[in-house]
Amino acid sequence: MSRWFATIILLSWVSVVLLQPLLQTTPNQIQLDAILAPPSAEYWLGNDALGRSVGERLLAGAEIALLVSVATVLISALAGTLIGALSGYAGGMTDVVISRIIDIMLAFPGILLAIALAAVLGPGIDNLVIAISVVGWVGYARLARAQALSLKQREHVTAAIALGSRQGRILRHHIIPLMLAPLLVEASFGIAAVIVAEAGLSFLGLGVQPPQASWGSMIREGADFLLVAPHLAIFPGIVIFLVVLSANLFGDWLRSRLDVREEVTRA
């Protein structure tokens, strides 16, 4: 049941973003006669402090959330996988140095480091992706290193070394492809983490800037009107909750499907 719920929510999120050009929405259109208007038949989710449609701004925020989460996960996963695989396979001083760097990065709270980087780089989507990616690659690197340490003991890797294959070829063809399953699971959880991070940074004013819509910035704008127009903060909060929950549920399902040991136990 949870898998279908997660799938429906995630597919709806992606579909809304892909179909948004056909919907002809105007999320930045100001309507002075609809300032702080509650949900109505015309505007199902109400209007904000400038009379803009909350529903249309949620759709625009969905595009930002998808863009940032996918770009950040791709960059983090690619960098972390390459660094972790190199560390685990090469061993020696290379592994020691990279492991210490990973330990140092893990010593800092990720969100605080992302806030500091975003503050230094300045607001904007590009800088937001960079700030979160600098923090996010560590988890993938640690997982890839652990997988590489295990996989390099396999017989097919030993045979490739005996045949004189180069290290780069061994990593590309014999080690990295076999660690894709756990990395895919890590990426599914990473989507949820990036959505929360993007919303948090935008809430603090370090992410997407007005007039662009972001779920986090919408909550920040609605916080000043909680008593007179609670829908401004409630609806973006519900959307973030549903998408993050669905991404985590999908990650749990994916992990159970790709976990060979668990499948053997069930059999």
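It should be emphasised that the depicted structure is a prediction, and the values quoted were computed from it without experimental measurement.

**Student:** How should I be thinking about the environment of Glu198 in this particular structure?
**Tutor:** Note on placement: Glu198 falls in helix α8 (residues 180-203). Each C-alpha atom, one on Glu198 and one on Pro182, is 24 Å from the other, the two residues being 16 residues apart in sequence. Apart from residues lying up to four places away in sequence, Glu198 is in contact with Ile64, Ala65, Val68, Leu128, Ile132, Val208 and Ser214.

**Student:** How should I be thinking about the pattern of salt bridges in this particular structure?
**Tutor:** Between side chains of opposite charge, a pair can form when the charged atoms approach closely. Considering all chains together, one arrives at six salt bridges under this definition. Among the ionic pairs, Arg57 bridges to Asp48, the shortest N-O distance being 3.9 Å. Under the relative-accessibility criterion, Arg57 is labelled buried at 1%. Note on Asp48: relative accessible area 7%, which makes it buried. Note that Asp103 is salt-bridged to Arg100, the shortest N-O span being 2.9 Å. You can see Asp103 and its partner Arg100 sitting in helix α3 (residues 92-107), three residues apart, about one turn around the helix. On the basis of relative accessible area, Asp103 is assigned to the partly exposed category, the value being 39%.

**Student:** Sorry if this is basic, but what is going on with the environment of Leu23 here?
**Tutor:** Topologically, Leu23 is positioned in helix α1 (residues 2-23). Here Leu23 falls in the partly exposed class, since its relative accessible area comes to 46%. For the pair Leu23 and Ala118, spaced 95 residues apart in sequence, the C-alpha separation works out to 32 Å.

**Student:** Which parts of the structure should I look at to understand the side chain of Arg57?
**Tutor:** Relative to the helices and strands, Arg57 resides in helix α2 (residues 54-90). From its side chain, Arg57 meets the backbone oxygen of Pro211 in a polar contact 3.4 Å long. Apart from residues no more than four positions distant in its own chain, Arg57 is found in contact with Pro27, Asn28, Asp48, Arg52, Pro211, Gln212, Ala213 and Met218.

**Student:** Before we go on, may I ask you to explain the packing of aromatic side chains in this structure?
**Tutor:** We describe a pair of aromatic rings using the distance from one ring centre to the other and the angle between the two ring planes. Taken as a whole and assessed by the stated rule, the structure comprises two aromatic pairs. Judged by centre distance (6.5 Å) and plane angle (45 degrees), the ring pair of Trp13 and Trp215 falls under tilted. Residue Trp13 is found in helix α1, and its partner Trp215 is found in helix α9 (residues 215-222); the two are separated by 202 residues along the sequence. Taken as a pair, Trp13 and Trp215 share a single burial class, namely buried. Judged by centre distance (5.6 Å) and plane angle (40 degrees), the rings of Phe250 and Trp253 are tilted. In this pair, Phe250 and Trp253 are both assigned in helix α10 (residues 231-258), three residues apart and thus about one turn of the helix distant. Residue classification places Phe250 among the partly exposed positions, given a relative accessible area of 27%. Over the ring of Trp4 we find Arg3; its NZ or CZ atom is 4.7 Å from the centre of that ring.

Calculation notes
Residues numbered from 1 in each chain as written. Predicted model: local features only at pLDDT ≥ 70, side-chain atom pairs only at ≥ 80, totals over all residues. Heavy atoms only, no water. Helix = DSSP H or I, 4+ residues; strand = E, 2+ residues; numbered from the N terminus. Contact = heavy atoms within 4.5 Å. Salt bridge = Lys/Arg side-chain N within 4 Å of Asp/Glu carboxyl O. Buried < 20%, exposed > 50% of the residue type's maximum accessible area, 1.4 Å probe, protein only. Polar contact = N/O pair within 3.5 Å; in protein donor to acceptor, adjacent residues only side chain to side chain. Phe/Tyr/Trp six-rings, centres within 6.5 Å; stacked < 30°, edge-to-face > 60°. Lys NZ or Arg CZ within 6 Å of the ring centre and 35° of its normal.

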